[in-house]
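Below, each chain spelled out in residue letters.
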Amino acid sequence: MSLLTRRAMDVLPGMRSNLMDILDMDRFFNQPTRYARVPATNIRETDDEFLVELAAPGMAKKDFHVDVDNNILEIKAEKEEESEEQKGTYTRREYDYTSFFRSFDLPQTVQADNIKAAYEDGILRIHLPKTAEAKRKPVKAIEIA
């Protein structure tokens, strides 16, 4: 083993320890990884409406934009975060950007002017009321003569 290699071996453990402190590798490797993806969506139909539910935890109401354009429901979300940590002689600055876009063709039976949306507990709920003609009529008993 050369003198240079031995000196590198002596210095590396200390450098590795300092690097681990700077990068906080334990925290880095134990953090859940975020992947760019489209949130899970459920669509239910009731007698009076369609209900669209998107799982989007960690977002805020202001991060969403819900529009109806030419009978297409468009759901967009963008969230940008920045954090900075100063420890000793270094500064770590992290940026996080999350966005997604979903669109759905609306049936003609939806009252586009009366669509309502709410965000609570990480779920975006969009209520799409049906037109009167599309609502299920009560069962009518037919009398047998």
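Conventions and cut-offs
- Residues numbered from 1 in each chain as written.
- Predicted model: local features only at pLDDT ≥ 70, side-chain atom pairs only at ≥ 80, totals over all residues.
- Heavy atoms only, no water.
- Phe/Tyr/Trp six-rings, centres within 6.5 Å; stacked < 30°, edge-to-face > 60°.
- Helix = DSSP H or I, 4+ residues; strand = E, 2+ residues; numbered from the N terminus.
- Buried < 20%, exposed > 50% of the residue type's maximum accessible area, 1.4 Å probe, protein only.
- Polar contact = N/O pair within 3.5 Å; in protein donor to acceptor, adjacent residues only side chain to side chain.
- Contact = heavy atoms within 4.5 Å.
- Pairing = 2+ DSSP bridges.
- Axes fitted to C-alpha atoms, helices over the stretch in contact; angles between N-to-C directions.

**Q** Before we go on, may I ask you to explain the packing of aromatic side chains in this structure?
**A** Each aromatic ring pair is summarised here by two numbers: the centre-to-centre distance and the angle between the ring planes. Under the definition given, this model contains 2 aromatic pairs. Between the aromatic rings of phenylalanine 64 and phenylalanine 100, the centroid separation amounts to 6.4 Å while the plane-to-plane angle is 65°, which identifies the pairing as edge-to-face. Of the two residues, phenylalanine 64 sits in strand β3 (residues 64-69) while phenylalanine 100 sits in strand β5 (residues 90-105), which places them 36 residues apart along the sequence. Taken individually, phenylalanine 64 and phenylalanine 100 each receive the classification buried, so the pair is uniform in this respect. Ring geometry for phenylalanine 64 and tyrosine 119: centres 4.9 Å apart, planes at 45°, overall tilted.

**Q** I would appreciate a short explanation of the side chain of lysine 130 in the present structure.
**A** Positionally, lysine 130 belongs in the segment after β7 (123-129). Classification of lysine 130 as buried rests on a relative accessible area of 5%. At 2.8 Å, the side chain of lysine 130 and the backbone oxygen of threonine 46 are in polar contact. Dropping the residues within four chain positions of it, lysine 130 is found in contact with Glu45, Thr46, Asp47, Asp48, Glu49, Phe50, Thr109, Gln111 and Lys135.

**Q** Explanation requested: the sheet that holds strand β2 (residues 49-55) in the structure shown.
**A** Sheet strands line up and pair through hydrogen bonds in the backbone, either parallel or antiparallel. Within the open sheet, the 4 strands sit side by side as β1-β2-β7-β6. Their pairing is antiparallel. Taken across any chain shown, the strands that pair with only one partner, and hence form the sheet edges, are β1 (41-45) and β6 (116-120). Across the sheet, the mean angle from the axis of one strand to that of its neighbour is 15°, orientation sign disregarded. Sheet analysis places β1 next to β2, joined by 5 bridges and oriented antiparallel. By the bridge assignment for β2, isoleucine 43 is matched with valine 52.

**Q** How should the pairing of β3 be read in this particular structure?
**A** Pairing analysis gives 6 bridges linking β3 to strand β4 (residues 72-87), with the strands arranged antiparallel. Across the sheet, the residue bridging to valine 68 is leucine 73, located in β4. Counted between consecutive antiparallel strands, the loop separating β3 from β4 contains 2 residues, among which asparagine 70 sits at a positive phi close to 55°.

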